[in-house]
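Okay, here's what each chain looks like letter by letter:
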Amino acid sequence: MHFDLSEEHLMIQKAAREFAQNELKPGVIERDEHQKFPTEQIKKMGELGFMGMMVDPKYGGGGMDAVSYVLAMEEISKVDASCSVVMSVNNSLVCWGLETFGNEEQKQKYLVPLAKGEKIGAFCLSEPEAGSDATSQRTTAKDMGDHYLLNGTKNWITNGNSASTYLVIAQTNVEAGHRGINALIVEKGMPGFTVGPKENKMGIRASDTHSLMFDNVKVPKANRIGEDGFGFKFAMKTLSGGRIGIASQALGIASGAYELALAYSKERKAFGKEISQHQAIQFKLADMATKIEASRLLIFRSAWLKDQHLPLDKESAMAKVFASETAMWVTTEAVQIHGGYGYVKEYHVERLMRDAKITQIYEGTSEVQRIVISRSVLA
């Protein structure tokens with residue numbers, strides 16, 4: 001068992017760190033405050049290859065392994081979780097889903113521009129009443145022979161307005177239950193497809209989260225991913241790998257807050273010495289470092305399994321639930337270490353704390369992840 005990163009891994013990590021510090025950090029507070037989508041920053045991320053890292057080069061991707069993706073996600077998330085969630089959805093859900101299960105025509109038409117970062121994708125599962133429960137879809141795709149008529153609403157969709165390609169999960173055959181669900185590729189601009197107002201969120205405020213409405217949207221049969229009824233399996237398999245991206249985001253948020261708190265503790269003085277010399281702060285820093293390292297190892301284990309094409313449902317769920325709870329705890333402690341300064345925007349940790357909360361919620365809440373884990377350990 002080897003824990004050392006390769007030279008290529010270290011180069012990717014360094015490139016992501018430099019990009020985050022030089023390109024993302026300067027305007028991150030303003031983008032958060034004004035909910036400004038990072039259009040230029042995402043474009044540059046595409047040019048650097050961060051939007052299709054694991055995609056085969058023949059489809060415009062970087063051909064990198066999942067460990068490389070985790071390393072880049074962590075560095076981007078340390079600075080701007082709004083950018084990293086765009087990157088996560090495009091890589092883990094949309095590109096991976098299309099490359100793994102799409103046909104050649106779909107890959108050439110949709111995957112190539114997504115992997116190159118020329119376009120952005122969105123994954124559309126959550127609904128007002130069903131949440132992330134893929135078995136309870138109210139959105140329907142009526143089979144009309146050579147096309148489907150898509151009707152329904154999806155909500156909490158990351159990249160909801162900025163995307164051009166949407167992977168939509170919908171029910172075609174209600175009587176067949178989860179075996180009657182399909183995954184369809186929907187293009188922005190299709191008649192009957194409208195984007196709702198942007199959600200005013202607590203965290204990851206620069207990312208665009210919207211509801212999507214489908215009113216008799218005509219989707220060609222050629223845009224169905226896999227065989228008829230494959231949609232449920234597509235969603236489950238895609239989300240399983242997607243947890244690695246969210247876990248990596250949580251890891252980055254936690255490690256970013258920790259680094260800020262560690263640096264501040266060496267500068268701030270109280271009772272005649274740096275607060276890092278007080279045991280109460282030392283214990284906080286020790287626990288923060290330990291939880292972060294444990295999260296990192298769980299995530300690396302999941303990424304390795306993904307690279308080996310081995311089952312990873314349990315491991316990715318463990319990584320996601322542990323890393324997200326670590327992010328929430330670490331960022332709260334980072335604010336505490338900063339004291340009053342932690343409560344103001346210019347010190348960044350209050351934003352990281354707000355950003356951390358969503359990692360416990362999206363792509364299946366922590367409770368959902370525990371269900372996934374328990375099913376595995378009780379099997």
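The coordinates are above.
Residues numbered from 1 in each chain as written. Predicted model: local features only at pLDDT ≥ 70, side-chain atom pairs only at ≥ 80, totals over all residues. Heavy atoms only, no water.

Overview of the packing of aromatic side chains
Argument step 1. Going through the model one piece at a time under the given rule, you end up with 10 aromatic pairs.
Argument step 2. Between phenylalanine 193 and phenylalanine 214, the ring centres sit 4.9 Å apart and the planes meet at 20°, which makes this aromatic pair stacked. Of this pair, phenylalanine 193 sits in strand β6 (residues 193-198) while phenylalanine 214 sits in strand β7 (residues 209-220), placing them 21 residues apart in sequence. In terms of burial, phenylalanine 193 and phenylalanine 214 fall into one category: buried.
Argument step 3. Aromatic rings pair up to connect Trp96, Phe101, Phe123, Phe230 and Phe234 into one cluster. (Phe/Tyr/Trp six-rings, centres within 6.5 Å; stacked < 30°, edge-to-face > 60°. Helix = DSSP H or I, 4+ residues; strand = E, 2+ residues; numbered from the N terminus. Buried < 20%, exposed > 50% of the residue type's maximum accessible area, 1.4 Å probe, protein only.)

A word on the pattern of salt bridges
Argument step 1. Overall, the coordinates contain 16 salt bridges when judged by the stated rule.
Argument step 2. Among the charged side chains, a network of salt bridges with common partners joins Arg17, Glu75, Lys78 and Glu259. (Salt bridge = Lys/Arg side-chain N within 4 Å of Asp/Glu carboxyl O.)

Here's the deal with a nonpolar patch on the surface
Argument step 1. A cluster of nonpolar side chains, namely Tyr341, Tyr343 and Val344, defines an oily patch on the protein surface of about 340 Å² accessible area.
Argument step 2. Checked against the element boundaries, tyrosine 341 lands in the loop between α9 (313-338) and α10 (349-358).
Argument step 3. Accessibility expressed as a relative area gives 38% for tyrosine 341, which makes it partly exposed. (Patch = residues over 30% accessible without salt bridge, like charges linked within 9 Å, V, L, I, M, F, W, Y side chains within 5 Å. Areas by Shrake-Rupley, 256 points an atom, 1.4 Å probe, with all protein chains shown as cover.)

Some remarks on the side chain of serine 316
Argument step 1. Its place among the elements puts serine 316 in helix α9.
Argument step 2. Exposure remark for serine 316: the relative accessible area of 0% places this residue in the buried category.
Argument step 3. Apart from residues no more than four positions distant in its own chain, serine 316 is found in contact with Ser240, Arg243, Ile244 and Ser302. (Contact = heavy atoms within 4.5 Å.)

Concerning unusual backbone geometry
Argument step 1. Here the phi dihedral of isoleucine 204 falls at roughly 30°; this positive angle occurs in a residue that is not glycine.
Argument step 2. With respect to the helices, strands and loops of the structure, isoleucine 204 is situated in the loop between β6 and β7.
Argument step 3. One non-glycine residue, phenylalanine 271, lies in the positive phi region at around 55°.
Argument step 4. For phenylalanine 271, the position within the fold is in the loop between β8 (269-270) and β9 (273-274).

Notes on the packing of helix α1 (residues 7-24) against helix α4 (residues 66-79)
Think of two packed helices as two axes; the pair is described by the angle between the axes and how far apart they sit.
Argument step 1. In the contact formed by α1 and α4, the axes pass within 8 Å of each other and the chain directions differ by 20°. When the interaxial angle is binned, α1 and α4 end up roughly parallel. Judged by the twist between their axes, the crossing of α1 over α4 is right-handed. When α1 is examined against α4, the residues His9, Ile12, Gln13, Ala16, Arg17, Phe19, Ala20, Gln21 and Leu24 are found in contact with a partner set consisting of Val67, Ser68, Leu71, Ala72, Glu75, Ile76 and Val79.
Argument step 2. Each residue belonging to the contact of α1 with α4 can be placed in one class, and the counts come to 10 nonpolar, 4 polar and 2 charged. (Axes fitted to C-alpha atoms, helices over the stretch in contact; angles between N-to-C directions. Parallel < 35°, antiparallel > 145°, perpendicular 65-115°, else oblique. Left-handed = near helix turned anticlockwise from the far one by under 90°. Nonpolar A, V, L, I, M, F, W, Y, C, P; charged D, E, K, R; others polar.)

Examining the nonpolar core
Argument step 1. With 60 residues, the main nonpolar core has Met45 and Met87 as its most contacted residues.
Argument step 2. Put simply, the parts of the chain that give this core at least two residues each are α1, α3 (39-47), α4, α5 (81-101), α7 (231-267), α8 (279-307), α9 and α10.
Argument step 3. The dominant element in this core, judged by the number of residues it contributes, is α7, at 11 residues.
Argument step 4. Every residue in contact with methionine 45, bar those within four places of it in the chain, is listed here: Phe19, Phe50, Met51, Ile76, Cys83 and Met87. (Core = buried A, V, L, I, M, F, W, Y, C linked by side-chain atoms within 4.5 Å.)

Remarks on the state of the cysteines
Argument step 1. Going through the model one piece at a time under the given rule, you end up with 0 disulfides.
Argument step 2. With no disulfide partner, cysteine 83 has as its closest neighbouring cysteine sulfur the one in cysteine 95, 17 Å distant.
Argument step 3. Residue cysteine 83 is classed as buried on the basis of its relative accessible area, which comes to 0%. (Disulfide = S-S within 2.5 Å.)

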